[in-house]
Amino acid sequence: MKRFQNEAYGYIKDMFAQHNMVKRVIISFVSIIIMGFGIALFSVSGFGVDPFTSMNMNIASTIGVGFGTYQLIVNFVILLYVIIVAHRGLVGVGTVFNMVGCGYSCEFFQGLLNQWVTEHYTLAIRLPLLIAGIITLCFACSLFFTANIGVGPYDALGFMLSRGIHLEHKWVRVITDVAVILIGLVISGGFASLLKGNFSGVHNIGIGTVITAFCMGPLINLFNKHISAKILNVDYEKISKDVAFFMIKGAMLKNATPIPIKPNELNIKSNAYEVLR
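Residues numbered from 1 in each chain as written. Predicted model: local features only at pLDDT ≥ 70, side-chain atom pairs only at ≥ 80, totals over all residues. Heavy atoms only, no water.

Scanning the protein from N- to C-terminus turns up 12 helices and 0 strands. Secondary structure elements in the protein, listed N-terminal to C-terminal, are α-α-α-α-α-α-α-α-α-α-α-α. Across the protein, the fraction of contacts at a sequence separation of at least 24, relative to all contacts at a separation of at least 6, is 76%. (Helix = DSSP H or I, 4+ residues; strand = E, 2+ residues; numbered from the N terminus. Contact = heavy atoms within 4.5 Å.)

Here we come to the environment of Phe-223. In this fold, Phe-223 is placed in helix α11 (residues 217-231). With a relative accessible area of 14%, Phe-223 lands in the buried category. Residues Phe-223 and Leu-143, 80 residues apart in the sequence, show an inter-C-alpha distance of 8.2 Å. Those residues in contact with Phe-223 that lie beyond four places of it in its chain are Ile-135, Cys-138, Phe-139, Ser-142 and Ser-228. (Buried < 20%, exposed > 50% of the residue type's maximum accessible area, 1.4 Å probe, protein only.)

Here we take up a nonpolar patch on the surface. Among the surface-exposed residues, Val-178, Leu-182, Ile-183, Val-186, Ile-187, Phe-191, Leu-194, Leu-195 and Phe-199 lie close enough to one another that they form a single nonpolar patch of about 840 Å² accessible area. Secondary structure elements with two or more residues in the nonpolar patch: α8 (169-188) and α9 (190-195). Tallying contributions element by element places α8 first for the nonpolar patch, with 5 residues. In this structure, Leu-182 sits in helix α8. (Patch = residues over 30% accessible without salt bridge, like charges linked within 9 Å, V, L, I, M, F, W, Y side chains within 5 Å. Areas by Shrake-Rupley, 256 points an atom, 1.4 Å probe, with all protein chains shown as cover. Salt bridge = Lys/Arg side-chain N within 4 Å of Asp/Glu carboxyl O.)

Moving on to the environment of Leu-79. Take Leu-79: it is sitting in helix α4 (residues 67-85). Overall, the relative accessible area of 8% leaves Leu-79 in the buried class. Note: C-alpha distance between Leu-79 and Met-99 (20 residues apart in sequence) is 8.4 Å.

Right, let's talk about the layout of surface pockets for a bit. The volume enclosed by the largest pocket comes to roughly 1,100 Å³. As for the largest pocket, its lining consists of 42 residues, and the residues nearest its centre are Phe-145, Asp-155, Arg-173, Thr-212 and Ala-213. Per-element accounting of the lining of the largest pocket gives the leading share, 7 residues, to α8. When the residues that make up the lining of the largest pocket are grouped by side-chain class, the tally is 23 nonpolar, 11 polar and 8 charged. (1 Å grid on protein atoms, 1.4 Å probe; cavity = no way out; pocket = protein on both sides within 12 Å on 5 of 7 lines; lining within 4 Å. Points joined across faces, edges and corners; volume = space filled by probe spheres on them. Nonpolar A, V, L, I, M, F, W, Y, C, P; charged D, E, K, R; others polar.)

Tallied over the full model, the rule gives 2 salt bridges. The salt bridge involving Arg-173 is made with Asp-155; its shortest N-O contact spans 2.6 Å. Linking Arg-173 in helix α8 with Asp-155 in helix α7 (residues 153-165), this pair joins segments that are 18 residues apart in sequence. Between Arg-173 and Asp-177 there is a salt bridge, and its shortest N-O distance comes to 3.3 Å. With Arg-173 and Asp-177 both in helix α8 and 4 residues apart, the pair spans about one turn of that helix. Residue classification places Arg-173 among the partly exposed residues on the basis of a relative accessible area of 25%. Overlapping salt bridges bring together Asp-155, Arg-173 and Asp-177 as one network.

A few words now on the confidence of the model for the protein. Averaged over all residues, the pLDDT of the protein is 80; the fraction at 70 or higher stands at 75%. When pLDDT is averaged over each helix and strand of the protein, the minimum, 44, is found for helix α12 (residues 243-256) and the maximum, 94, for helix α3 (residues 51-63). (pLDDT = per-residue confidence, 0-100.)

So, on to the nonpolar core. The biggest cluster of nonpolar side chains holds 30 residues, and the ones touching the most others in it are Met-35, Ile-39, Leu-137, Cys-141 and Met-216. For this core, the elements supplying multiple residues, two or more each, are α2 (21-45), α5 (93-117), α6 (123-147) and α11. Beyond its immediate sequence surroundings of up to four residues, Ile-39 is in contact with Val-49, Asp-50, Thr-53, Cys-102, Cys-106 and Leu-137. Judged by nonpolar contacts, the second largest core, of 19 residues, contains Leu-79, Ala-156, Leu-157 and Val-180. (Core = buried A, V, L, I, M, F, W, Y, C linked by side-chain atoms within 4.5 Å.)

Turning next to α11. Its 15 residues give α11 an end-to-end C-alpha distance of 20 Å, which sits within 8% of 21 Å, the value for a rise of 1.5 Å per residue. Taken as a whole, α11 carries its principal kink of about 50° at Asn-224. Listed as buried for α11 are Ile-220, Phe-223, Asn-224, Ser-228 and Ala-229. Among the residues trailing α11, Asn-233 stands out with phi positive, at a value near 55°. (Expected span 1.5 Å × (residues − 1). Bend = angle between axes of the 7 residues up to and from the residue.)

This part takes up the packing of aromatic side chains. Going through the model one piece at a time under the given rule, you end up with 6 aromatic pairs. Ring centres 5.4 Å apart and planes at 75° place the aromatic pair Phe-29 and Phe-97 in the edge-to-face group. Taken together, the positions of Phe-29 in helix α2 and Phe-97 in helix α5 put the pair 68 residues apart, joining distant regions of the chain. The class for Phe-29 is partly exposed, based on a relative accessible area of 44%. One aromatic cluster is present, built from ring pairs that chain together Phe-37, Phe-108 and Phe-109. One Lys or Arg, Arg-126, reaches over the ring of Phe-47 and ends 4.3 Å from the middle of that ring. (Phe/Tyr/Trp six-rings, centres within 6.5 Å; stacked < 30°, edge-to-face > 60°. Lys NZ or Arg CZ within 6 Å of the ring centre and 35° of its normal.)

Structure, rendered in structure tokens:
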């Protein structure tokens, strides 16, 4: 019980060690709504969605469960693992927003968009939807990462696996992305369809999946520099080109610091390797 109390205190302490906490919470919440809208644009375009969403959409449709509900369940299971391992710095209010809000907001917006797209489903409509999805999702990710009050459960899992198996995070992310795509394909029957040469049996995977997996970084960094960092009055360019990299380094250092620690001992604005003075 004592350990649980210390960990609970640690979560709260880590979150409120940063400045502009109210603004960060609001921005994090809004970013999840925008993120759901961006994923919905991707999905409705018919060019595929990001790997994790692809798996969840494929499995949810196969077992007859709503996408939002299924994604919430999967995220909750991952979050339990994250909490048990106790990498406190990765979990915060933003983690909860991501876990609960992303799937349901995507499901809501997708329902609205489907009513319009079904009557105008041509390549001339699908391509702008794809481009709009890329821009919207990158902007949302930039806001969410810059708010820096917790990462999504799937992202946290990648960071923790990277630390556990001593492999660079970018390679761990590639492995996990490929793994979740394959899981979704196998369970939904898409893999069997591919073996038969029936590409119409593959759903939620396409050029959009490739873009979200490998090509979004530069655009997210562009939003970080010119919009998100200015909203929160921070300069992440001096910390790292990848905000997520800063978060995991800061999280590991904060997590390694013995309890208790005073928030003013944390130098949030320093370099990634020098988060603690």
